[in-house]
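A closer look at the structure
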Amino acid sequence: MAHAGTPSVRDPQPPYRAAFAVFAVVLLIYVWTLAPSVTFWDAGEFIATSKILGIPHPPGTPLFVLIGHVWATIVRVGSWAYRTNLMTATFSAAAAGFFFLLVNRGLTGWGRRALEDELADDRIFTVGGAMAAALVSAFTFTVWQNSNETEVYMVATLSIAAMCWLAWLWRRSRGGERAPHLLLLIVYLAAVSLGNHLLTLLVGPAIIGFMWHVLRADPLPREQDRQIEWAQWWVLCGVWALLIGTGLGSTELLVVGGVAFAAAAIYAAWVGALPFAATVLGIAAVGASTYLFLYFRSQVGPFINEADPSTWDSLVAVIRREQYPPRSPIDNPIFLSGPDNPGRSLGLILWQIANYLQYFDWQWANSLETSNPVFAVSRLPFTLAFTTLGVFGASVVHQRDRSLFWLLLLLFLTTGPALVGYMNFKPGFSLAYDQYPSFEMHEVRERDYFFTVSFLVWGIFAGVGLAGLYRMVRDRLGGREGGRAAAGLLVFALVPLAFNARAASRAHGPEALLARDFAYDLLQSAEPYGIIFTNGDNDTFPLWYAQEVEGIRQDVSVVNLSLGNTDWYIRQLRDNPVRPFEPEQAPWFATLAPEAPPPALHSWTDENIGQLRAMLLPQAVHFRAGRVSAVLAENTPIYVKDVLILRLIQENWNRRPLYFSLTSGSGSWQHFAPHLTQEALVLRLHAVAAPDSTRLTPGVLAVPLDLPRTDTLVNQVYRYAGLFSVDTLVLGPTERNITTNLSFPFYALGQAYELRGDRWRSVEALRKAYHLNPLSQLAGLLQLESLPAFADTLLDPPAARP
């Protein structure tokens, strides 16, 4: 017997063909802008771990690693990095297809509106409007940019989109056998997605709110059926609480979730729905079991094995993200948590809101004034237009389908404003430096990607707003005939596509291959079996990619000092195998390779490693290794990573070449400056013998420059993506940081050749340096009036962002 929520009999089947067309169009444009190789930040780590089935940073993202491995193994298109980038694009385009279906059904209407309203049969309104919503949302800046590289957020977005569509199908199937099965599938997707990213669980309030509104507004005719549906609703509330506790690794939340689920199960048993509750619990456990991959794979010891979850305690620590400093929503994030934390202030909250609004401003026309990330005037008309369209579109959804309105609104609120409150970020990367002047007071990068889904949902509302404008104009022009003329309004859905393309593309800029080439350059700076000390994500993860995926210079040991404070990483530096030098990869170093590989990096025992602690030196310490000596003064703060540096130098000074990357920052090498020389992108420690003085000239980084080695590396070995193929570089902050580091070898060469009287080579090097990093101090310098004096003004190269 039909109930009040019977869907339209005119169009009982959703337009799946049109949804596939939306998917194909979105994917085609994503592919056009797809990163051709590895990108900066987490992508290099994710690509590398998907290749070797390794374990990335906590919480380990086991589902993402497994999907990436299977996808790239089967879809043999381009390099491994291109395949995983394509995977992200495909998942994001599929999410656009699901949201198209959802909006189409919402515009068709529900119940009597779907049966009686003429608009339900107007395909320009229902199909065209849904396409507009899908396209606006798919090409918001943050959604688009995160769809072009290997990242977890768009896989999470697909899970959210699929769960929302399953919730609509559940409403359509209520009263039949299929409805509870769809709820079970929603639970499984939520649980298994824990292994990708917790962002997926933020759909929970939206699904629960949608079901609540449906059950209240459209109850089933039979009392027993109504009781069973409410029991199913309570069970979903309970299991969502359990999944939140599991995803955060919180004992307290697990207890609360367990109590909530137990209460829901008791009620389910009372109304005859206990099998459903038991099945939900079992399915949730199966879905969340992807975390077991971390435990078992870690036992094998893959080369990338972050946090080493090979014991139950360490697995829980990975799930809880104990490696990172805790941040409570009530703390001031600039300071460490604890009794001395001053707490979150109103001023800070206002800056966090401003930061979210700044990111919102990027979504609609970010290619305008890309050099101005803070509320550019040229973007303002577009931001105001799409804000207004979003408000109007939300009212249209409310008119057509109130249950769907609450689903989308709650999804926007939980993934946007509520997430701002929960994440409690430091002041934004590009905001508030007048009030918070130190870089350490700010986030190390823009965090817009955390709010991807909220921007996507607002894009949906804005697209529906265009459909609402079409309806208004159609009615004024005389109904269906006027609709053909009004249909042109939907073309404005292409505005984000047109005005975000340049900013969102990862394929068309001169920096498209910069991460891969920078990794290549840094690895090729080291002689066979060298150790390179790096600092953070951007001078480490691309190197991991180059070594594990492309097999480049696996003999080089990359020692990340940000991880050097953890015991598991120090153990792995000892236990990871020493891989052989391949002469064909670096023929310029082939004659320098020893006959046999050196031993492990260090010989500390697990007990030794467990005793390492940060401290203030109680007395001065005189360190010596070969000809290297350094005095560490009393009360010098020494971190575990500093002790690691000393130990690796001590055990390897006569076994391996030792280098500090320019990106590692002077704090890591300043004690050894008298024994260092610059060799392009690295500083080499001379512990066995003094460097050949005939090769040296004064440097620009307070250490001498090895001129022949630097010239060879910079001009014959290094790769520079397309940086020298354009007249002017317009780069993002990360790429600017890397090109700044690439410029310092050229500045050093410019000074060296001027001092040696080679004016032509000096000017050539300085022009390349200025192209990569145009310093204001260089005005007039290309006439070489006072080059040595200029060298004194150069700053320490910026460290790679952690």
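Residues numbered from 1 in each chain as written. Predicted model: local features only at pLDDT ≥ 70, side-chain atom pairs only at ≥ 80, totals over all residues. Heavy atoms only, no water.

For the rest of this paragraph, the subject is the packing of helix H11 (residues 223-248) against helix H12 (residues 251-271). The interhelical angle for the contact between H11 and H12, taken along N-to-C directions, is 165°, at an axis separation of 8 Å. The angle between H11 and H12 places the two elements in the roughly antiparallel class. Every pair of crossing elements has a handedness; the one defined by H11 and H12 is left-handed. (Axes fitted to C-alpha atoms, helices over the stretch in contact; angles between N-to-C directions. Helix = DSSP H or I, 4+ residues; strand = E, 2+ residues; numbered from the N terminus. Parallel < 35°, antiparallel > 145°, perpendicular 65-115°, else oblique. Left-handed = near helix turned anticlockwise from the far one by under 90°.)

Let us now look at the packing of helix H10 (residues 204-217) against H11. Between H10 and H11, the shortest axis-to-axis distance is 11 Å and the interhelical angle comes to 165°. Judged on the interaxial angle alone, H11 and H10 are roughly antiparallel. Between H10 and H11 the crossing geometry is left-handed. Contacts from Gly204, Pro205, Ile208, Met211, Trp212, Leu215 and Arg216 of H10 reach H11 at Glu229, Trp230, Trp233, Leu236, Cys237 and Trp240. When grouped by side-chain class, the residues that make up the contact of H10 with H11 number 10 nonpolar, one polar and two charged. (Contact = heavy atoms within 4.5 Å. Nonpolar A, V, L, I, M, F, W, Y, C, P; charged D, E, K, R; others polar.)

This paragraph deals with the packing of aromatic side chains. In the structure shown here, the tally under the stated rule is 41 aromatic pairs. Taking 6.0 Å as the distance between ring centres and 75° as the angle between the ring planes, the aromatic pair formed by Phe360 and Trp458 counts as edge-to-face. In this pair, Phe360 sits in helix H16 (residues 346-362) while Trp458 sits in helix H20 (residues 452-477), placing the two residues 98 residues apart along the sequence. Overall, the relative accessible area of 9% leaves Phe360 in the buried class. Taking 6.1 Å as the distance between ring centres and 20° as the angle between the ring planes, the aromatic pair formed by Phe660 and Phe672 counts as stacked. Placement of the pair is Phe660 in strand E7 (residues 658-661) and Phe672 in the loop between E7 and strand E8 (676-679), with a sequence separation of 12 residues. Take Phe672: its relative accessible area is 3%, and that puts it in the buried class. Sitting over the ring of Phe303, Arg579 keeps its end group 3.6 Å from the ring centre. Over the aromatic face of Tyr520 sits the side chain of Arg719, whose NZ or CZ is 3.7 Å from the ring centroid. (Phe/Tyr/Trp six-rings, centres within 6.5 Å; stacked < 30°, edge-to-face > 60°. Buried < 20%, exposed > 50% of the residue type's maximum accessible area, 1.4 Å probe, protein only. Lys NZ or Arg CZ within 6 Å of the ring centre and 35° of its normal.)

In this section: the pairing of strand E5 (residues 628-632). Here is the key point about a regular strand: its side chains alternate between the two faces of the sheet. Taking every second residue as pointing to the same face, the buried face of E5 carries Val628, Ala630 and Leu632, while none of Ser629 and Val631 on the other face is buried. Judged from the five bridges that link them, strand E4 (residues 621-625) and E5 form a sheet pairing that is antiparallel. If you follow Val621 over to E5, its bridge partner there is Leu632. Remark: two residues form the turn of the hairpin made by E4 and E5, two consecutive strands paired antiparallel; Gly626 in that turn has positive phi of roughly 65°. (Pairing = 2+ DSSP bridges.)

With that out of the way, let us pick up the environment of Asp706. Note on placement: Asp706 falls in strand E11 (residues 705-706). With relative accessibility at 7%, the residue Asp706 sits in the buried group. Asp706 has contacts with Gln678, Glu679, Arg695 and Leu696, leaving out every residue within four places of it along the chain. Reaching out from Asp706, the side chain makes a polar contact with the side chain of Arg695 at a distance of 3.2 Å. (Polar contact = N/O pair within 3.5 Å; in protein donor to acceptor, adjacent residues only side chain to side chain.)

The next thing to look at is helix H1 (residues 16-32). End to end, H1 covers 24 Å across 17 residues, agreeing with the expected 24 Å (1.5 Å per residue, within 8%). Along H1, the residues classified as buried are Ala18, Ala19, Val22, Phe23, Val26, Leu27, Ile29 and Tyr30. Buried residues along H1 sit against helix H4 (80-108), helix H6 (123-138), helix H7 (141-146) and helix H22 (495-504). (Expected span 1.5 Å × (residues − 1).)

What you tend to see is this: most non-glycine residues have negative phi, and most peptide bonds are trans. Cis geometry is found at the peptide bond from Pro58 to Pro59, where omega equals 10°. Notably, Tyr529 is not glycine yet its phi reads approximately 65°, a positive angle. Assignment of secondary structure puts Tyr529 in the loop between helix H23 (514-523) and strand E1 (531-534).

Side-chain alternation along strand E9 (residues 682-685) places Val682 and Arg684 on one buried face and Leu683 and Leu685 on a second face that is also buried. Pairing between E7 and E9: four bridges, direction antiparallel. Across the sheet, Phe660 pairs through a bridge with Leu683, a residue of E9. Two elements, E8 and E9, share four bridges in a ladder whose sense is antiparallel. Following the sheet pairing, Thr677 is matched in E9 by Arg684.

With respect to burial, helix H24 (residues 541-548) is a largely interior element, eight of its eight residues being buried. All of the buried residues along H24 are Phe541, Pro542, Leu543, Trp544, Tyr545, Ala546, Gln547 and Glu548. Those residues of H24 that are buried lie in contact with helix H2 (43-52), H4, H23, E1 and strand E2 (557-560).

Its place among the elements puts Gly129 in helix H6. Here Gly129 falls in the buried class, since its relative accessible area comes to 0%. The residues contacting Gly129, other than those within four sequence positions of it, are Leu107, Ile124, Gly463, Ala467 and Leu490.

Moving on, we get to the confidence of the model for the protein chain. Per-residue pLDDT for the protein chain averages 92, and the proportion of residues at 70 or more is 94%. In the predicted structure, residues 1-11 sits below a pLDDT of 50 and forms 23 contacts with residues beyond four places in sequence or in another chain. Long-range and interchain partners of residues 782-795, a stretch whose pLDDT sits below 50, account for 33 contacts in this model, where long-range means more than four residues apart. (pLDDT = per-residue confidence, 0-100.)

All right, on to the pattern of salt bridges then. Evaluation of the coordinates by the stated rule reveals 26 salt bridges. Across the pair Glu223 and Arg226 runs a salt bridge whose closest N-O atoms are separated by 2.5 Å. Residue Glu223 and its partner Arg226 are located together in helix H11, separated by three residues, close to a single helical turn. Accessibility expressed as a relative area gives 44% for Glu223, which makes it partly exposed. By relative accessible area, Arg226 is classed as partly exposed at 26%. Here Arg379 makes a salt bridge to Asp361, at a shortest N to O gap of 3.0 Å. Of this pair, Arg379 sits in the loop between H16 and helix H17 (380-400) while Asp361 sits in helix H16; the two residues are 18 residues apart in sequence, bridging distant segments of the chain. Residues joined in a network through salt bridges with shared partners are Glu527, Glu679, Arg684 and Arg709. (Salt bridge = Lys/Arg side-chain N within 4 Å of Asp/Glu carboxyl O.)

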